Amino acid sequence: MSEACANERALRVQLAACYRIFALLGWDELIYNHVTVRVPGPDRHFLINPFGLRYDEVTASNLVRIDLDGRVVDGSPHRVNPAGFVLHSTIHAGIEAAHCVMHTHTTAGSAVACSEAGLSFDTFYSAMLHDRVAYHDFEGITVHADEGPRVLRSIGDRPAVILRNHGLLSWGPTIPFAFAVLWTLQRACEIQVAGAALGATRAVSEAVRRRASADALQFDPRYGGGQDGFDALVRRLDRIDPSYRD
């Protein structure tokens, strides 16, 4: 096996594991939403889930290789959702470090996205995301390419994105990094939604938020960039059902 093939195979296994992890955590949305990752090499090709399969049916071999326009390039018998790739392709093409893009419609994430105030930075997890969160206003279903430049302006260089009235998104140089960002954002939303029943949230100072964000080592590539947490969930998958590796 060539080095390029070996690299793509390893990436396929990691991405398939990510889809199964999403299903395990309840982040899947029937057959919708996507996690996409760029294939190493000179071609601007990406791996995406086969449209119509549940996340717990995704495997390394049935992931589909597509180009930046969402066209299948590997002869896969599976179809993809090109409309669902519009948002992802915008970010992959417009942000150099966005090798992986994740998008969810979780209940807690969508609830915070629909709230006027957005994310509060007064909890343990949200404080870690201080200066890491961007917002993009809702323009309807994201299937129109002309929205792309506005999406990129909204995101800037912030890896955690709240799509107003829609859901959550993260991006990064690796699958584990993007996952660490999304996991932290999701936990922040869950705690905010749960805490709303208790009334006003106790405020955290700007100085403490900045310190918490600086000390959040799960985002630091010198400390693995989220790899350890991702690997822990892969080990759990392997005990439950290693068929994602097929």
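The coordinates are above.
What you see is a predicted model; the values in this text were computed from it and never measured. The numbers attached to residues start from 1 for each chain and follow its sequence in the written order. Since the coordinates come from a predicted model, pLDDT governs what is reported: local features require at least 70, and pairs of side-chain atoms require 80 or more to be given and counted, while whole-chain, interface and lining totals use all residues. Here the side-chain values reflect all heavy atoms present in the structure, with hydrogen atoms and water set aside.

1. A short note on the overall build of the protein chain
- Secondary structure counts use DSSP, requiring at least four H or I residues in a row for a helix and at least two E residues in a row for a strand, with both numbered from the N terminus. A tally of helices and strands in the protein chain yields 8 helices and 7 strands.
- Each radius of gyration reported is based on C-alpha atoms, and the globular scaling rule is 2.2 Å times the count of residues to the power 0.38. For 246 residues, the compact-globule formula gives about 18 Å, and the C-alpha radius of gyration of the protein chain, at 18 Å, lands near that figure.
- For the protein chain, the spread of C-alpha atoms along the principal axes amounts to about 55 × 40 × 30 Å.
- The burial tally for the protein chain puts 50% of its 246 residues in the buried class.
- Note on contacts: a residue pair is in contact if any heavy atoms of the two residues lie within 4.5 Å. Long-range pairs, those at least 24 residues apart, make up 66% of the contacts in the protein chain between residues at least 6 apart in sequence.
- In summary, the charge assignment counts Lys and Arg as positive and Asp and Glu as negative, without counting His or the chain termini. By convention, the charge on Lys lies at NZ, on Arg at CZ, on Asp at CG and on Glu at CD. On the protein chain, the mean spot of the 24 positive side-chain charges and the mean spot of the 28 negative ones are 3 Å from each other. Each residue is placed in one exposure class: buried if its accessible area under a 1.4 Å probe, protein chains only, is under 20% of its type's maximum, exposed if it is over 50%, and partly exposed if it falls in between.

2. Regarding the packing of helix α3 (residues 107-114) against helix α6 (residues 175-195)
- Close contact between α3 and α6 brings their axes to 8 Å; oriented N to C, the two are set at 75 degrees. Of the possible angle classes, the one that applies to α3 and α6 is roughly perpendicular. Here α3 contributes A108, G109, A111 and V112 to the contact with α6, which in turn contributes Q186, C189, E190, Q192 and V193. Think of each axis as a best-fit line through the C-alpha atoms, taken over the contacting stretch in the case of a helix, with angles from 0 to 180 degrees between the N-to-C directions. Just so you know how the angles are binned, under 35 degrees is roughly parallel, over 145 roughly antiparallel, 65 to 115 roughly perpendicular, and the rest oblique.

3. Let's talk about the packing of aromatic side chains
- Think of it this way: a Phe, Tyr or Trp ring, Trp meaning its six-membered ring, pairs with another when their centres are within 6.5 Å, and the plane angle makes it stacked under 30 degrees, edge-to-face over 60, tilted otherwise. Within the structure shown, the criterion is met by 11 aromatic pairs.
- An angle of 90 degrees between the planes, with centres 5.4 Å apart, marks the rings of Y125 and W183 as edge-to-face. Of this pair, Y125 sits in helix α4 (residues 124-128) while W183 sits in helix α6, placing them 58 residues apart in sequence.
- Classification of Y125 by relative accessible area gives buried; the value is 17%.
- The rings of Y19, F22, W27, Y55, F179 and F230 are connected pair by pair, giving a single aromatic cluster.

4. Some remarks on the packing of α6 against helix α8 (residues 227-240)
- At a minimum axis separation of 8 Å, α6 and α8 run at an interaxial angle of 90 degrees. One element, α6, and the other, α8, form an angle in the roughly perpendicular class. Packed against α6, whose contacting residues are I175, P176 and F179, the element α8 presents Q227, F230 and L233 at the interface.
- The residue inventory of the contact of α6 with α8, partitioned by class, reads 5 nonpolar, 1 polar and no charged. Ten residues, namely Ala, Val, Leu, Ile, Met, Phe, Trp, Tyr, Cys and Pro, are considered nonpolar, four, namely Asp, Glu, Lys and Arg, are considered charged, and the remaining ones, Gly among them, are considered polar.

5. Regarding the nonpolar core
- Buried Ala, Val, Leu, Ile, Met, Phe, Trp, Tyr and Cys residues that are joined via side-chain atoms within 4.5 Å together make up what is termed a nonpolar core. Counting residues in hydrophobic clusters, the biggest one holds 55 residues, and the most contacted among them are L15, F22, M102, L119 and I175.
- The element that contributes the greatest number of residues to this core is α6, accounting for 10 residues.
- Aside from chain neighbours lying at most four places away, what touches L119 is V112, S126, L129, V133, Y135, I162, L185, A188, C189 and Q192.
- Ranked by size, the runner-up nonpolar core spans 11 residues in total, among them I95, V151, V161 and W171.

Take it as geometry only, folks, not as evidence of what the structure does.
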